[in-house]
Amino acid sequence: MKHTDIKDILEKDDFIGKEVTVCGWVRTARDSKNVAFLELNDGSSLGHLQIVIDKAKLTDVDPEATKLGASLKVIGSVVKNERNNTNEVDAAQIIVLGKCPGDYPLQKKFQKLETLREMPHIRVRTNTFNAVFRVRSIMAAAIHRFFQERGFVYINTPLITGSDAEGAGEMFQVTTIGFSKEYETEEEYYANDFFGKKTNLSVSGQLEGEIAAMGLGKIYTFGPSFRAENSNTQRHVAEFWHIEPEIAFCELPDLIEIAEDMIKYVVKDYMEKCPEELKFFEQRFEKGLTEKLLSVVNNDFAVVDYTDAIDILKKADVKFEFPVEWGCDLQSEHERYITEVVYKKPVFLINYPKDIKSFYMKQNPDGKTVAATDLLVPGVGEIIGGSEREADYDKLVKAMKDKGMGLDDYSAYLDLRKYGSVPHSGFGLGFERIIMYCTGMANIRDVILYPRTVGSIK
Ligand code: 4AD
């Protein structure tokens, strides 16, 4: 490349006295009689590079170069500004790459996140979204590295599915023809559709992940999952990125160990690689974030039985909106109480009642619970859902029948229990949820480039 990243010029003194070419967008512009200052940002850092325009030397600067949002190419020499000890560029030539008219939406220095959400194509030019997306990239790489270093095979599971996957949520239908009065019955309509049967976008790659793990041993997926839930919360999007490891010869305690190691690895890596972004989030979005994350890395997570959690909640001196009884699905207010008030750290809740969990979860000997776990974290709630899988053919078939499921779509899945079945376990981590936890961003819509939510698609 013929131009230098602004980050390198700001951080390294090697460029001092040398001529460089930098490119970027104007973040601020100040003018005075003899000199003008521009702050340029090229996305490589949260810092801006000051461009100094000495009007005596540079007489023909295009007035468009000093407009907020304009994109420029600047050639000049790097000098140390002794007053604030930062590197800046003394401009020799300024080329306007793209003009930016006065209706550019980022005129104000700080804009509300809600306002920025209305313009996802523009908000990436703010420091907040620069930081979010850099952290997202660093964390994605860390997740891959964690699994790769441990011999897991990265698998891409299909996004279009002919089964309803696992009943994890409402599904989006995939069709090329849509509703038409031409067909008399649903069967006829589906028979004429692209795949010749009803198809949906997958809510999870788990079932195919299990299939892969039964040959490859340890696998993980990292891809989008789709949920058509009609829930307009700060933690749900219709399209989210899902990391799903599946491990053969692995029981629930081993799974919990892997999940805890993974979270610690990713958080530690983020803290090491993104100090500037972490400081920014700490200042702007969550006071105490660094301390919280240090404590995640340095302390054991809690492991709490669902039954004990119910006891804790029943004894709590708090009026919950939703009543608590053994067998109930925990609401966000309950999860938050357990993790924020009682344990004040990440908590693996384990051994949930079988009636509120999916058919594939390993049935415990008590006949009432399954070997499931959810990881709850302060501020966000559930970030991981997983379980040991039922490996016994007959028990699995019975659980499916009890839940009123047809067996035909699951013959491959059942075959895994027929041919050399092994204990195995897996979990799903919501990528956006862990980013929320690590950045202090309170709304999931602010950690994904284009949030898809009920009634909203930009
Ligand atoms: O708990 P869930 O539904 O579990 C599964 O899908 C399993 N098949 C995973 C497995 O065992 N392989 O989803 C797993 C995680 C949740 O803990 C949450 O972090 C995230 O996926 N998630 C969502 N994130 C954003 N928006 C949504 N609508 C989400 N639904 C689930």
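Computed from a prediction, not measured in an experiment: that's the story for all the values here.

Looking now at the pairing of strand β12 (residues 302-305). Burial along β12 is one-sided: Ala302 and Val304 are buried, and none of Val303 and Asp305, which face the opposite way, are. As defined by bridge partners, β12 adjoins strand β13 (residues 347-353) across 4 bridges and the pair is classed as parallel. Its bridge partner lying in β13, aspartate 305 is registered against isoleucine 350.

In this section: the packing of aromatic side chains. On inspection of all chains with the given rule, the structure shows 21 aromatic pairs. Each ring, one from phenylalanine 281 and one from phenylalanine 285, has its centre 6.3 Å from the other, and the planes form 50°; the classification is tilted. Taking the relative accessible area as the measure of exposure, phenylalanine 285 reaches 25% and is therefore partly exposed. One aromatic cluster in this structure is built from Phe146, Phe147, Phe152, Tyr154, Tyr220 and Tyr265. For lysine 357, the ring lying beneath its charged end belongs to tyrosine 352, and the centroid distance is 4.2 Å. Looking at arginine 417, its charged tip hangs above the ring of tyrosine 413, at a distance of 4.2 Å from the centre.

A few words now on the pattern of salt bridges. Tallied over the entire structure, the rule returns 27 salt bridges. A salt bridge links lysine 458 to glutamate 118; the nearest nitrogen and oxygen atoms lie 3.4 Å apart. Linking lysine 458 in the segment after α14 (431-439) with glutamate 118 in the loop between α2 (113-117) and α3 (120-123), this pair joins segments that are 340 residues apart in sequence. For lysine 458, a relative accessible area of 47% puts it in the partly exposed group. We classify glutamate 118 as exposed; its relative accessible area is 54%. Of the charged contacts in the structure, one is a salt bridge between glutamate 432 and arginine 136, with a shortest N-O distance of 3.0 Å. Here glutamate 432, found in helix α14, pairs with arginine 136, found in helix α4 (residues 127-149); they are 296 residues apart in sequence, far enough to count as distant.

What follows deals with unusual backbone geometry. Of note, the phi angle at phenylalanine 249 is positive, near 60°, even though the residue is not glycine. Position of phenylalanine 249 among the secondary structure elements: in the loop between β11 (239-248) and α7 (252-273). Residue lysine 344 is not a glycine yet carries a positive backbone phi of 55°. For lysine 344, a relative accessible area of 60% corresponds to the exposed category.

In this section: the pairing of strand β16 (residues 424-430). For β16, the tally of buried residues reaches 7 of 7 residues, placing the bulk of the element in the interior. Both faces of β16 are covered, namely the face carrying His424, Gly426, Gly428 and Gly430 and the face carrying Ser425, Phe427 and Leu429. When strand β15 (residues 381-388) meets β16, the two strands line up antiparallel, connected through 5 bridges. From the neighbouring strand, glycine 386 faces β16, where its bridge partner is phenylalanine 427.

Another point: the packing of α4 against α7. Packed helix pairs are specified by the crossing angle of their axes together with the interaxial distance, meaning the distance between the axes. Closest axis-to-axis distance for the α4/α7 pair is 9 Å, and the angle between their directions is 135°. One element, α4, and the other, α7, form an angle in the oblique class. The element α4 and its partner α7 pack so that their crossing is right-handed. Across the interface between the two elements, Val135, Ile138, Met139, Ala142, Ile143, Arg145, Phe146, Phe147 and Glu149 from α4 touch Ile258, Asp261, Met262, Tyr265, Val266, Asp269, Tyr270 and Lys273 from α7.

Conventions used here
- Residues numbered from 1 in each chain as written.
- Predicted model: local features only at pLDDT ≥ 70, side-chain atom pairs only at ≥ 80, totals over all residues.
- Heavy atoms only, no water.
- Buried < 20%, exposed > 50% of the residue type's maximum accessible area, 1.4 Å probe, protein only.
- Helix = DSSP H or I, 4+ residues; strand = E, 2+ residues; numbered from the N terminus.
- Pairing = 2+ DSSP bridges.
- Phe/Tyr/Trp six-rings, centres within 6.5 Å; stacked < 30°, edge-to-face > 60°.
- Lys NZ or Arg CZ within 6 Å of the ring centre and 35° of its normal.
- Salt bridge = Lys/Arg side-chain N within 4 Å of Asp/Glu carboxyl O.
- Axes fitted to C-alpha atoms, helices over the stretch in contact; angles between N-to-C directions.
- Parallel < 35°, antiparallel > 145°, perpendicular 65-115°, else oblique.
- Left-handed = near helix turned anticlockwise from the far one by under 90°.
- Contact = heavy atoms within 4.5 Å.

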